[in-house]
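Structural overview for review
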Amino acid sequence: MKKTFLLSLPLLTILSACSTLSEKECHTSDWHQLGIQDGRSGLPDRRLDDYAKSCKEYGIHPDTNRYLAGRSDGLKQYCTSSNAFRTGLNGEEYQGVCPADIDMIFHINNSASLSVYTARQRIKDLANRLDHLEHELSE
């Protein structure tokens, strides 16, 4: 049960990041900069669909070309070996967004680091359980 919960945390973080844009944000967004931010965060390109749905009700269409160009720039910063390790150790699961030439190695490094994250969380849970049991014994 706890293992499933721990593995669900990164997914919940990603899903909560799928917020909609306000009318003002739809009017004033720099689509290139928004793409860079999403690329740096390793978000899939379907995020643009979320923006399009949000802004459609205000009669605004995202600039797809500028967004995707920005996202590509952002992915250059995200798709590095060191970031694969960092994201995995932070409990973030890779979303398959990197270019083909680094995709496999990024995935491998992220998965290995995610295993370390999961093991550390399990150790923390066991230490907390041990503390709780020791406390019960002392009473």
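Residues numbered from 1 in each chain as written. Predicted model: local features only at pLDDT ≥ 70, side-chain atom pairs only at ≥ 80, totals over all residues. Heavy atoms only, no water.

1. Quick word on the overall build of the chain
Tallying secondary structure elements over the chain gives seven helices and zero strands in all. Traced from its N-terminal end to its C-terminal end, the chain shows the element sequence α-α-α-α-α-α-α. Burial analysis of the chain (139 residues in total) assigns 32% to the buried set. Contacts in the chain between residues far apart in sequence, at least 24 positions, make up 67% of those at least 6 positions apart. (Helix = DSSP H or I, 4+ residues; strand = E, 2+ residues; numbered from the N terminus. Buried < 20%, exposed > 50% of the residue type's maximum accessible area, 1.4 Å probe, protein only. Contact = heavy atoms within 4.5 Å.)

2. Looking at a nonpolar patch on the surface
A cluster of nonpolar side chains, Phe85, Leu89 and Val116, forms an exposed patch at the surface whose accessible area comes to about 220 Å². Accessibility expressed as a relative area gives 35% for Leu89, which makes it partly exposed. (Patch = residues over 30% accessible without salt bridge, like charges linked within 9 Å, V, L, I, M, F, W, Y side chains within 5 Å. Areas by Shrake-Rupley, 256 points an atom, 1.4 Å probe, with all protein chains shown as cover. Salt bridge = Lys/Arg side-chain N within 4 Å of Asp/Glu carboxyl O.)

3. Here we look at the environment of Leu48
With respect to the helices and strands, Leu48 occurs in helix α4 (residues 47–56). C-alpha separation for the pair Leu48 and Asp38, spaced 10 residues apart in sequence, amounts to 9.4 Å. Residue contacts for Leu48: discarding those within four places in its chain leaves Pro62, Thr64 and Tyr67.

4. A few points about the pattern of salt bridges
Following the criterion strictly, the structure yields two salt bridges and no others. The shortest N-O distance in the salt bridge between Asp30 and Arg66 comes to 3.0 Å. Here Arg66 lies in helix α5 (residues 64–78) and Asp30 lies in the loop between α2 (23–28) and α3 (31–40), a separation of 36 residues in the sequence. With relative accessibility at 40%, the residue Arg66 sits in the partly exposed group. For Lys76, the salt bridge identified is with Asp73, shortest N-O distance 3.8 Å. In this pair, Lys76 and Asp73 are both assigned in helix α5, three residues apart and thus about one turn of the helix distant. The exposed category is assigned to Lys76, whose relative accessible area is 60%. Asp73 sits in the partly exposed class, given a relative accessible area of 30%.

5. Some points on the environment of Glu23
Position of Glu23 among the secondary structure elements: in helix α2. Separated by 32 residues in sequence, Glu23 and Cys55 have C-alpha atoms that sit 6.8 Å apart. Not counting chain neighbours up to four residues away, the residues in contact with Glu23 comprise Tyr58 and Ile60.

6. Digging into the packing of α3 against α5
At a closest axis distance of 6 Å, the pairing of α3 and α5 adopts a crossing angle of 30 degrees. Taken together, the axes of α3 and α5 lie roughly parallel to each other. As α3 runs across α5, the sense of the crossing is right-handed. Here α3 contributes Trp31, His32, Leu34, Gly35, Ile36, Asp38, Gly39 and Arg40 to the contact with α5, which in turn contributes Arg66, Tyr67, Ala69, Gly70, Arg71, Asp73, Gly74, Leu75, Gln77 and Tyr78. Grouping the amino acids of the contact of α3 with α5 by side-chain chemistry returns seven nonpolar, six polar and five charged. (Axes fitted to C-alpha atoms, helices over the stretch in contact; angles between N-to-C directions. Parallel < 35°, antiparallel > 145°, perpendicular 65-115°, else oblique. Left-handed = near helix turned anticlockwise from the far one by under 90°. Nonpolar A, V, L, I, M, F, W, Y, C, P; charged D, E, K, R; others polar.)

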